[in-house]
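# A structural walkthrough
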Amino acid sequence: ILAPYIEPALGRSAPGLGIVALIVLLLGAGWIAELAVGRRLRRIWQLAVERVPIVRPLYRGTTRIVEAVVGEESRAFKEAVLFEYPSPGTWAVGFVTGDAPGPLPPDVELPAVTVFLPTAPNPMSGFLLIVPTSRTYSLPIPPDEALTFVLSMGSAKVDLAGVEGGDASVEV
């Protein structure tokens, strides 16, 4: 298809190069169209949803949650931690999502962090806990490995040697 244009430029025949050039051209055109048209359609959709009073707060909240968890600049889970929950001597794997909001009641030990404790095997549900930093133990694995461990209900093997933090030693 593109041979009449490619052969004179190269000065010789190049079988298959026309198809490769056509695929690159179509991919490039599709990418440019998606950027131009896709953004415009998304803006139109957002404006339409923002005008519906009942849907507006749900849409805004959902959008913020999705951006926080899976957005390009997101680091929703800063680190994986081990902490005692729900009772002393029972340990849970959770994910630090940030510093605890303030002000907190005087009974809460500070500094504290917010820890998301997902339920297995559905990570979209769970508990948000405020845990004193002295009672959390940083896990020596990235958050995605810890999440795999939680979602597999503990059957995925992870190396927890070198757990650090808290105010007491932990044997894992």
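Residues numbered from 1 in each chain as written. Predicted model: local features only at pLDDT ≥ 70, side-chain atom pairs only at ≥ 80, totals over all residues. Heavy atoms only, no water.

Right, let's get into the pattern of salt bridges. In this structure the tally under the stated criterion is two salt bridges. With its nearest N and O atoms 2.8 Å apart, the salt bridge here joins R60 to E50. With a gap of 10 residues between them, R60 in helix α3 (residues 55–70) and E50 in helix α2 (residues 17–50) connect regions that are remote in the sequence. Across the pair E109 and R135 runs a salt bridge whose closest N-O atoms are separated by 3.5 Å. In this pair, E109 sits in the loop between β2 (91–99) and β3 (112–118) while R135 sits in the loop between β4 (126–132) and β5 (136–138), placing the two residues 26 residues apart along the sequence. Among the residues examined, E109 registers a relative accessible area of 33% and is labelled partly exposed. (Salt bridge = Lys/Arg side-chain N within 4 Å of Asp/Glu carboxyl O. Helix = DSSP H or I, 4+ residues; strand = E, 2+ residues; numbered from the N terminus. Buried < 20%, exposed > 50% of the residue type's maximum accessible area, 1.4 Å probe, protein only.)

Once that is clear, we can look at the packing of aromatic side chains. Taken as a whole and assessed by the stated rule, the structure comprises three aromatic pairs. Between Y85 and F127, the ring centres sit 6.4 Å apart and the planes meet at 40 degrees, which makes this aromatic pair tilted. Residue Y85 is located in the loop between β1 (79–84) and β2, and its partner F127 is located in strand β4; the two are separated by 42 residues in the primary sequence. With centroids separated by 5.6 Å and ring planes inclined at 70 degrees, the aromatic side chains of W91 and Y137 adopt a geometry described as edge-to-face. Here W91, found in strand β2, pairs with Y137, found in strand β5; they are 46 residues apart in sequence, far enough to count as distant. W91 gets classed as partly exposed once you look at its relative accessible area, which sits at 35%. A residue is classified by how much of its surface remains accessible, and Y137, at 6% relative accessible area, is buried. Through a chain of ring-to-ring contacts, three or more aromatic side chains come together here, namely F83, Y85 and F127. (Phe/Tyr/Trp six-rings, centres within 6.5 Å; stacked < 30°, edge-to-face > 60°.)

This part takes up a positive patch on the surface. A grouping of R39, R40, R42 and R43 is seen on the molecular surface, where their side chains present a positively charged patch. By the element assignment, R42 lies in helix α2. (Patch = residues over 30% accessible without salt bridge, like charges linked within 9 Å, V, L, I, M, F, W, Y side chains within 5 Å. Areas by Shrake-Rupley, 256 points an atom, 1.4 Å probe, with all protein chains shown as cover. Lys, Arg positive; Asp, Glu negative; His and termini not counted. Charge placed at Lys NZ, Arg CZ, Asp CG, Glu CD.)

Moving on, we come to the pairing of β1. As paired elements, β1 and β2 share six bridges and run antiparallel to each other. Its bridge partner being in β2, E84 is matched across the sheet by W91. What sits between the antiparallel neighbours β1 and β2 is a turn of six residues, in which G89 has the positive phi angle 90 degrees. Strand direction decides the pairing type here: β1 and β5, joined by three bridges, are antiparallel. By the bridge assignment, F83 is partnered in β5 with T136. (Pairing = 2+ DSSP bridges.)

Backbone phi values are negative for most residues with the exception of glycine, while trans is the configuration of most peptide bonds. Note that the residue after Y85, namely P86, is joined by a cis bond; omega there is 5 degrees. Take P86: it is sitting in the loop between β1 and β2.

Before going further, it helps to examine the side chain of T114. Note on placement: T114 falls in strand β3. A distance of 2.7 Å separates a polar atom in the side chain of T114 from a polar atom in the side chain of T97. (Polar contact = N/O pair within 3.5 Å; in protein donor to acceptor, adjacent residues only side chain to side chain.)

Another aspect to go through is the environment of D144. Position of D144 relative to the elements: it lies in helix α4 (residues 143–151). In this structure, the C-alpha to C-alpha distance between D144 and A80, residues 64 residues apart in sequence, is 8.6 Å.

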